[in-house]
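Reading the structure
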Amino acid sequence: MTVDEDERRARQEAHWLVREFGAEAPLYAAMKAEKAIEQKDFGRCARWKRVLEILADEPPVELRRGVSAR
């Protein structure tokens, strides 16, 4: 299965947020999405929304294994 570039980048961001902020990772992703909306950058907002979905769907242990584990 080939993962497109946007999905790869969203998973990479989710992985980084968990590594840096642990349980607070969704809060930081939401703040990034809000900032993108304020700047009317809806493409970037969509990416951060996808990051939030990834954080909600996958347990932190899976994210810590890294993007290449999939």
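See the structure shown above.
Let's shift gears to the pattern of salt bridges. Under the counting rule described, the total for this entry stands at 6 salt bridges. Across the pair Glu 5 and Arg 8 runs a salt bridge whose closest N-O atoms are separated by 2.4 Å. Note that Glu 5 and Arg 8 are positioned in helix H1 (residues 5–21) at a spacing of 3 residues, about one turn of the helix. Of the residues examined, Arg 8 reaches a relative accessible area of 30% and is grouped as partly exposed. In this structure, the salt-bridge partner of Arg 11 is Glu 7, at a minimum N-O distance of 3.0 Å. Here Arg 11 pairs with Glu 7, and both are found in helix H1, just 4 residues apart, close to one helical turn. Each member of the pair, Arg 11 as well as Glu 7, is classed as buried. Shared partners join several salt bridges into a network, and the residues in it are Glu 7, Arg 11, Lys 49, Arg 50 and Glu 53.

Quick notes on the rules
Residues numbered from 1 in each chain as written. Predicted model: local features only at pLDDT ≥ 70, side-chain atom pairs only at ≥ 80, totals over all residues. Heavy atoms only, no water. Salt bridge = Lys/Arg side-chain N within 4 Å of Asp/Glu carboxyl O. Helix = DSSP H or I, 4+ residues; strand = E, 2+ residues; numbered from the N terminus. Buried < 20%, exposed > 50% of the residue type's maximum accessible area, 1.4 Å probe, protein only.

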